[in-house]
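# Secondary and tertiary structure notes
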Amino acid sequence: MYTTLLNIAIFQGMVLGLLILKSSLFNSNSNKYLAYLLFTLSILLLNYVFEIEGTYTPYPFLHFIDDVEWALLLPVFMFLFIINRIDDTVKNKQKIYLCFIPFTYSAIFHITCDLDSIAGIYTIPESATFLIQILGLIHFILVVIFIPSLLIYSCFMIRHLKDSQEKKWVITISTLVSFLLFSWLITALTGIFLNYDISSTMRAVALFGTFIIHWTAYMGIYKYRLAKNKDAIHNFLNKDLAISYSNLQIVENSTPTTEEYRESITADNLYFQKLELLCKEEHIYTDSTLNREKVAESLGISAGYVSQIVNTITGDNFANYINNYRVEAVKEMISNSEYENYNLLAMGLESGFTSKTTFYKAFKKVTGQTPNEYKNTSK
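Quantities reported herein were computed from a predicted structural model and do not represent experimental measurements.

### Quick look at the overall build of the protein chain
Each helix and strand counted, the protein chain has 18 helices and 0 strands in total. With the model as given, the accessible surface of the protein chain reaches about 20,300 Å², and the carbon-plus-sulfur share is 58%.

Structure below.
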C-alpha cells in the first residue's frame, strides 16, 4: 500500500511536469522550473522505492542514479521558480550558474567512485583513499550548507513579488519544499551522528514528498494558480477549449478541439485580438504598472503564453509592444492642440511611461528621434 502511494505520486509528478512544459496554458519561464522540481522530486521518490523494494541488488547499475544527490537540485529549481516571477532588474543580478555547482560536483564525485565500485572500469588506488575521503567530506559540507542557504535566500527573494495572490501561492509552495528538505536533512544528520534507525522517519518524509506532488497538482490546476483562469483550466482538462470574450463575437457551438487550440500562432489568434482591443479601446498601456501577469489575468492565459503570442506575431517582446502604443499616444498628444500646455515628460507619464529615461529611450527606438526632435519637426 505504501509503495503504491509512492508510485502514484511519481507517475503524477512526471505527468504534471510534462503538462506544465508542453501546455501553453501553463508554459512560462517560471513554471518550467516548477516542472523540473516535480521531475526531481519524482526521481528522489523513485530511488526510495527502489531502495525499499531491494531493486538495487539485482540491478546494481541503478546505483549510478541513486548515488547522485538529486536533493541538491530541489532548492535550485525552487529558487529559479521564484526569481523568474520577479522583475528582470532583480533577476539579472543573480549568478544562476553558481547554483548548479554543488549538484555538478556531487554527480562527478559519485559517478567517478561508482565507475570503480560498481562498473569496475578501473580501480582507485589505495594511495588515493585519503583524497576520496576529503572529497567526500567536501560533498557532505556542500549538502549541509548549500541546501539551507539557498532556501533561506529564496525566501528573501519572495519579497520582490508584487502580486499578493501570486506571493501567497509562491510562499506556500516554497514553505512545503523547504520543510521537506529540512526534514530530510535533519533526519539524515541524525542517522549519521547519533546512529539512529531513521527508516520510519524517512518513510514519513517520502510520504510528505508525495503530498507536495498531489497538492501542486490540485492547487496548480484545480485551484488555478499556474494558469489564472478557472474556465480555461476546466475546459482544458475536459478537452473543451471554447472560450468566449465580451469584445469578440464567437459562436458558442463552434467548440475548437485540443489540436486546434495548439495550432501555430497567427495574427488572427483570439487572445492577440483581445489584447489589441484592450490596447486600442481600453488603453490599458496607460497603466504604468502594467505587466505580463496583469495582461495574462485579463486574457485568462499564462504570462508565458502572452509573451509567446506577442513575440510570434509582432516579432518583438511584450515591453516593446506596449511601449509602441505609448509612443503613439504621445505622438497624438503632440499633434493635438488640447495638450499644447503639457510638457513632453508629462505626456510620456500620461501615456504610461514610468520615468523620463524609459520614455526618451523608447521614443527614440520607435521613431528614430527624441521627443523634442519629433515635436520640432511635426510643427
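### Observations regarding the side chain of Asp 114
Here Asp 114 lies in helix α6 (residues 101-117). Although Asp 114 is buried, it forms no salt bridge, and the closest oppositely charged side chain is Arg 203 at an N-O distance of 24 Å. Apart from the residues lying within four places of it in its own chain, the contact partners of Asp 114 are His 63, Phe 64, Asp 67 and Ala 119.

### Structural notes on the environment of Tyr 2
In this structure, Tyr 2 sits in helix α1 (residues 2-22). On the basis of relative accessibility, which here comes to 14%, the residue Tyr 2 falls in the buried class. Between the C-alpha atoms of Tyr 2 and Arg 203, which are 201 residues apart in sequence, the distance is 8.8 Å. Sequence-distant contacts of Tyr 2, that is, excluding residues within four places in its chain, are made with Tyr 48, Ile 52, Met 202, Arg 203, Ala 204, Ala 206 and Leu 207.

### Some points on unusual backbone geometry
Although it is not a glycine, Asn 195 adopts a positive phi angle of roughly 55°. Mapped onto the fold, Asn 195 is located in the loop between α8 (164-194) and α9 (199-222). With a relative accessible area of 70%, Asn 195 lands in the exposed category. Backbone geometry places His 283, a non-glycine residue, at a positive phi of 50°. Here His 283 lies in the loop between α12 (270-280) and α13 (292-299). A relative accessible area of 38% means that His 283 is categorised as partly exposed.

Here is what the cut-offs are and how they apply
- Residues numbered from 1 in each chain as written.
- Predicted model: local features only at pLDDT ≥ 70, side-chain atom pairs only at ≥ 80, totals over all residues.
- Heavy atoms only, no water.
- Helix = DSSP H or I, 4+ residues; strand = E, 2+ residues; numbered from the N terminus.
- Areas by Shrake-Rupley, 256 points an atom, 1.4 Å probe, with all protein chains shown as cover.
- Buried < 20%, exposed > 50% of the residue type's maximum accessible area, 1.4 Å probe, protein only.
- Lys, Arg positive; Asp, Glu negative; His and termini not counted.
- Salt bridge = Lys/Arg side-chain N within 4 Å of Asp/Glu carboxyl O.
- Contact = heavy atoms within 4.5 Å.

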